[in-house]
Amino acid sequence: MSRPQRLRLGYGTNGLTDLRLDDALGLLADLGYDGVGLTLDHMHLDPLAPDLAARTARVARRLGALGLTTTVETGARYVLEPRRKHGPSLLDADLEGRAARTRLLLTAVNVAAELGAHAVHCFSGVTPAGTDDGTAWQRLREALAPVLDAADAVGVPLAIEPEPGHLLATVADFHRLRRMLDEPEPLGLTLDIGHCQCLEPEPPGECVRAAAPWLRHVQIEDMRRGVHEHLPFGDGEIDFPPVLEALAATGYQGLTVVELPRHSHAGPELARSSFEFLQAAAATTTKGAPAA
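Residues numbered from 1 in each chain as written. Predicted model: local features only at pLDDT ≥ 70, side-chain atom pairs only at ≥ 80, totals over all residues. Heavy atoms only, no water.

(A) Main features of the layout of surface pockets. Taken as a whole, the largest pocket spans an internal volume of roughly 780 Å³. In terms of lining residues, the largest pocket is bounded by 38 residues, among which Gly75, Arg77, Lys85, His86 and Glu163 are the most central. If you tally residues by element for the lining of the largest pocket, the top one is strand 9 (residues 227-231), at three residues. In the lining of the largest pocket, the residues fall into eight nonpolar, 19 polar and 11 charged. (1 Å grid on protein atoms, 1.4 Å probe; cavity = no way out; pocket = protein on both sides within 12 Å on 5 of 7 lines; lining within 4 Å. Points joined across faces, edges and corners; volume = space filled by probe spheres on them. Helix = DSSP H or I, 4+ residues; strand = E, 2+ residues; numbered from the N terminus. Nonpolar A, V, L, I, M, F, W, Y, C, P; charged D, E, K, R; others polar.)

As structure tokens, this is what we get:
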């Protein structure tokens with residue numbers, strides 16, 4: 001096991017959508033965050049608008065000036081289709097729909113390389129009605145293959161997230177995908193601590209320990225068992241000091257990103273209180289160091 005690591009905190013821009021990106025990044029730097037989970041979306045770094053390369057370069061300069069690192073996240077709800085949440089997915093019956101999602105992930109890999117990001121996040125999507133399990137897994141495998149090749153070429157891991165209600169919903173499903181793809185080196189795991197509380201059989205801290213070899217990105221928030229609702233810290237059921245101790249013990253060196261995508265109306269205050277909460281929780285562990 002690697003030696004304990006200092007917790008490196010980030011905050012997701014999907015929880016700061018009422019702020020301009022420059023203002024959001026400045027806020028996080030002022031609060032003491034180490035980085036940002038940057039969701040590619042129309043309100044911040046739009047992956048489909050003109051001059052993406054120039055806009056990405058400006059963001060890279062801003063991150064560098066502020067001393068922030070980043071993960072590129074691809075969970076924007078309506079970035080590809082304005083009337084269908086998370087559509088199209090990697091599992092769509094329509095071949096062109098799946099290809100559109102793959103192209104977005106390829107764009108994300110390129111953006112991540114330009115930003116020096118430590119990972120690109122993604123998820124499988126919900127299995128469409130009338131699609132059998134075998135077909136859905138085959139579609140996922142085929143859609144991700146070129147993304148993994150691109151990630152390998154630029155040295156940025158692809159970190160897929162088990163998402164409640166999706167085809168790939170649990171850590172066990174992640175391992176199923178790894179085996180189907182012959183365990184490719186660029187494929188890693190995004191572990192959402194709230195999702196562990198929501199539906200994994202083991203407590204979140206044990207999930208972290210079991211997932212340690214494949215951790216490439218971590219998201220964190222509070223949550224209740226059996227209810228997929230991202231909650232501010234203290235509003236759910238998670239005991240955080242053991243989780244943060246487990247993270248420190250893994251040697252994980254990426255960002256641990258607060259994900260509160262439905263709380264942008266209170267984003268600046270929640271960014272502050274979340275940072276303070278996680279600092280305090282980390283300081284009570286016996287193995288990990290405080291966040292700052």
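After that view of the structure, there is still more to cover.
(B) Quick peek at the packing of aromatic side chains. As enumerated under the stated definition, the model contains five aromatic pairs in all. Between Phe233 and Phe240, the aromatic rings sit 5.1 Å apart at their centres with planes inclined by 80 degrees, giving edge-to-face as the arrangement. We classify Phe233 as buried; its relative accessible area is 13%. Relative to Phe277, the ring of Phe240 lies with its centre 5.5 Å away and its plane at 90 degrees, an arrangement referred to as edge-to-face. Of this pair, Phe240 sits in helix 8 (residues 240-250) while Phe277 sits in helix 9 (residues 267-283), and the two are 37 residues apart along the sequence. For Phe240, a relative accessible area of 2% gives the class buried. Taking the relative accessible area as the measure of exposure, Phe277 reaches 30% and is therefore partly exposed. Of the aromatic side chains, those joined through ring pairs into one cluster are Tyr11, Tyr33 and Phe275. (Phe/Tyr/Trp six-rings, centres within 6.5 Å; stacked < 30°, edge-to-face > 60°. Buried < 20%, exposed > 50% of the residue type's maximum accessible area, 1.4 Å probe, protein only.)

(C) Molecular detail of the pattern of salt bridges. Counted under the stated rule, the structure contains 11 salt bridges. Between Asp23 and Arg20 there is a salt bridge whose closest N-O contact spans 3.9 Å. Across the pair Asp133 and Arg176 runs a salt bridge whose closest N-O atoms are separated by 3.2 Å. Separated by 43 residues along the polypeptide, Asp133 in helix 4 (residues 133-154) and Arg176 in helix 5 (residues 171-180) bring together distant segments of the chain. Note on Asp133: relative accessible area 41%, which makes it partly exposed. Note on Arg176: relative accessible area 33%, which makes it partly exposed. It is possible to trace a salt-bridge network through shared partners that takes in Glu81, Arg84 and Asp92. (Salt bridge = Lys/Arg side-chain N within 4 Å of Asp/Glu carboxyl O.)

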